[in-house]
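Here is how the chains run, residue by residue.
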Amino acid sequence: MTNESSAPVFFSRALYQSIVDHAHSVHPEECCGLVASDQTGTPVRVIPMTNILHSPVRYQMDPVEQFSVGKSLRLEGMSLWGIYHSHPISEPYPSVVDINLAYYPDVFYLLTSPVTTPPSLRIFQIKDSKVTEFPLILKEVD
Ligand SMILES: [Zn+2]
């Protein structure tokens, strides 16, 4: 696992807040969800999903929910841009399990944790078990 210097990723503060609020609302369970982008590749929507494991250390999205969300995003011309989840009691860095379950090398994996104030949000890509972190820049407006 190494970090390369990577281009910064821009993310709206409103979307950041949606993820942080979701993590807070299900604490101490892990939250999980999707981030969708518009046709220009800009992340524009956070879609909270149900963690069917209801666990503080693991997450798994509801496959039925995932299917229906994927279908409606396609109908709207949107794409899967990112997958987020929270680490309620540990730092927001992909765990060994997260790395082993990272099936999408081209999407961003976002991790938040309430252990810091303000809650941190970090962003990664995971390819062939290699984690690359990207600098995240929060924007005030979409
Ligand atoms: Zn994790």
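A brief look at the structure comes next.

A few points about the sheet that holds strand E5 (residues 108-113)
Consideration 1: What the six strands build is an open sheet, ordered E3-E2-E4-E5-E6-E7; its pairing is mixed. The sheet terminates laterally at strand E3 (43-49) and strand E7 (130-134), the two strands that pair on one side only. Across the sheet, the mean angle from the axis of one strand to that of its neighbour is 30°, orientation sign disregarded.
Consideration 2: Relative to strand E4 (residues 79-86), strand E2 (residues 32-37) runs antiparallel, the two being bridged by six bridges. Looking at the pairing, Gly-33 lines up with Tyr-84 of E4.
Consideration 3: Most of the contacts of helix H1 (residues 13-26) go to E3, to which it runs at about 10°, and overall it touches E2, E3, E4, E5 and strand E6 (120-127).
Consideration 4: Taken strand by strand, helix H2 (residues 63-75) contacts E2, E3 and E4, and its axis lies near 160° from that of E3.

Quick notes on the environment of Asp-38
Consideration 1: Here Asp-38 is to be found in the loop between E2 and E3.
Consideration 2: Beyond its immediate stretch of four places on either side in the chain, Asp-38 contacts Val-44 and Met-78.

Some points on the nonpolar core
Consideration 1: Among the nonpolar cores identified, the biggest contains 23 residues, and Ile-19, Val-35, Tyr-84, Phe-108, Tyr-109 and Leu-110 are the most heavily contacted of them.
Consideration 2: Listed by contribution, the elements that provide at least two residues to this core are H1, E2, E3, E4, E5 and E6.
Consideration 3: Not counting the four nearest positions on each side in its chain, Tyr-84 is found in contact with Ile-19, Cys-32, Gly-33, Val-35, Leu-110 and Thr-112.

Examining the environment of Ala-102
Consideration 1: Structurally, Ala-102 is set in the loop between helix H3 (96-100) and E5.
Consideration 2: Taking the number of C-beta atoms within 10 Å as the measure of exposure, Ala-102 has 20 and is therefore buried.
Consideration 3: Counting along the chain gives 43 residues from Ala-102 to Tyr-59, while the straight-line C-alpha distance between them is 13 Å.
Consideration 4: For Ala-102, the residues in contact, after removing those within four places along its chain, are Tyr-109 and Ile-126.

Procedures and definitions
Residues numbered from 1 in each chain as written. Predicted model: local features only at pLDDT ≥ 70, side-chain atom pairs only at ≥ 80, totals over all residues. Pairing = 2+ DSSP bridges. Helix = DSSP H or I, 4+ residues; strand = E, 2+ residues; numbered from the N terminus. Axes fitted to C-alpha atoms, helices over the stretch in contact; angles between N-to-C directions. Contact = placed C-beta atoms within 7 Å. Core = buried A, V, L, I, M, F, W, Y, C linked by C-beta atoms within 7 Å. Buried ≥ 20, exposed ≤ 12 C-beta atoms within 10 Å, placed from the backbone.

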